[in-house]
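# Residue-level structural notes
Chain by chain, the residues run as shown.
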Amino acid sequence: MGSYLARDARRRTILDSAVVVLGRDGIAAVTARSVAAELGGSQGQIHHHFGSTTQLVAEAWLLYTRTEVEQFEAETASLDPQEAVGHFFEGLRGGQDGGALALWAEAGSYARFTQEFAPAYLASLRQVCTVLERLLDRERPDDGNRDAALRLLMVGIGLAGLTAIAPADETGVAPGQVVGSAIAQELSRLRTPPRA
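From a predicted model like this one, the values you see are computed outputs, not experimental measurements.

Turning next to the overall build of the protein chain. Check the secondary structure of the protein chain and you find eleven helices and zero strands. Order of helices (α) and strands (β) in the protein chain, N terminus to C terminus: α-α-α-α-α-α-α-α-α-α-α. Among the 196 residues that make up the protein chain, the fraction classed as buried is 41%. Taking contacts inside the protein chain between residues at least 6 apart in sequence as the whole, the part at least 24 apart equals 67%.

Side chains carrying opposite charge are able to pair once their charged atoms draw close together. On inspection of all chains with the given rule, the structure shows eleven salt bridges. Between D16 and R12 there is a salt bridge whose closest N-O contact spans 2.8 Å. Taken together, the residues span about one helical turn, with D16 and R12 both in helix α1 (residues 2-25) at a distance of four residues. For R151, the salt bridge identified is with E186, shortest N-O distance 2.7 Å. Residue R151 is located in helix α9 (residues 145-165), and its partner E186 is located in helix α11 (residues 175-191); the two are separated by 35 residues in the primary sequence. Using a relative accessible area of 42% as the deciding quantity, one classes R151 as partly exposed. Take E186: its relative accessible area is 8%, and that puts it in the buried class. Here the residues in one salt-bridge network are R140, D142, R151, E186 and R189, joined through shared partners.

Here the structure, examined in full by the defined rule, presents nine aromatic pairs. Aromatic pair F72 and F88: ring centres 5.3 Å apart, planes at 85 degrees, arrangement edge-to-face. Of this pair, F72 sits in helix α4 (residues 53-76) while F88 sits in helix α5 (residues 81-88), and the two are 16 residues apart along the sequence. Using a relative accessible area of 18% as the deciding quantity, one classes F88 as buried. A network of ring pairs unites the aromatic residues W61, Y64, W104, Y110, F117 and Y121 as a single cluster.

Another aspect to go through is the environment of T163. Along the chain, the position of T163 falls in helix α9. In this structure T163 comes out as buried when scored by relative accessible area, which is 15%. For the pair T163 and A102, spaced 61 residues apart in sequence, the C-alpha separation works out to 8.1 Å.

On to α9, then. Residue pairs spaced three or four apart in an α-helix point in one direction, given the helix's 3.6 residues per turn. Spanning 21 residues, α9 covers 30 Å between terminal C-alpha atoms, matching the ideal 30 Å at 1.5 Å per step. Of the residues making up α9, those classed as buried are N145, A148, A149, L152, L153, G156, I157, L159, A160, G161 and T163.

In this section: the side chain of T65. Mapped onto the fold, T65 is located in helix α4. Overall, the relative accessible area of 1% leaves T65 in the buried class. Apart from residues lying up to four places away in sequence, T65 is in contact with W104, S124, Q127 and V128.

This paragraph deals with the environment of L56. One can find L56 in helix α4. Taking the C-alpha atoms as reference, L56 lies 9.6 Å from V19; in sequence the two are 37 residues apart.

Position of H49 relative to the elements: it lies in helix α3 (residues 43-49). Judged by relative accessible area, which is 6%, H49 ranks as buried. Setting aside residues no more than four positions away along its own chain, H49 makes contact with R7, R10, R11 and I14.

In this section: the nonpolar core. Formed by 56 residues in total, the largest nonpolar core has its most connected members in L56, W61, F89, F117 and Y121. Sequence-distant contacts of Y121, that is, excluding residues within four places in its chain, are made with W61, W104, A107, G108, A111 and I157.

Rules and cut-offs
Residues numbered from 1 in each chain as written. Predicted model: local features only at pLDDT ≥ 70, side-chain atom pairs only at ≥ 80, totals over all residues. Heavy atoms only, no water. Helix = DSSP H or I, 4+ residues; strand = E, 2+ residues; numbered from the N terminus. Buried < 20%, exposed > 50% of the residue type's maximum accessible area, 1.4 Å probe, protein only. Contact = heavy atoms within 4.5 Å. Salt bridge = Lys/Arg side-chain N within 4 Å of Asp/Glu carboxyl O. Phe/Tyr/Trp six-rings, centres within 6.5 Å; stacked < 30°, edge-to-face > 60°. Expected span 1.5 Å × (residues − 1). Core = buried A, V, L, I, M, F, W, Y, C linked by side-chain atoms within 4.5 Å.

Here's what the structure looks like:
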């Protein structure tokens, strides 16, 4: 039993190191070599605990997402819905590169070309969509909030992907304005009393 727990602990340490690499350098940077370097261990240790680098990336992505969601929910628990949704898209609204959303854009591309990763990406997308839906429900519970959350998420990820390719001055797209307009549109829909 002791060695089983030690094995789980070693595996978790590897995952934690992969999350650090993923969050700092992006998904493409998660390799056995980079994770071993972050961990201060060997590549063999990585291969011993994970059947493939893609499996490691998928599990690290799920852990990264879960950690980010928990942190976001703690940070926004006392905010009104508009502030909380704005905080979610903060990287884009501040005219930056999209922050964490840029990583989501990279993950979407990776999922498209790496079938072993796709289920992890879809699971994390559902999780984050649920977080946004709950924020919109704070404004007014509505059956359409799931769709609204997904629309906002897709706008944010798409804009983050676009800004990763070219800065706003090259594309003519102002990500902060676009996402701000999308948030205002969805909240306006919720603030309009439903028809009887």
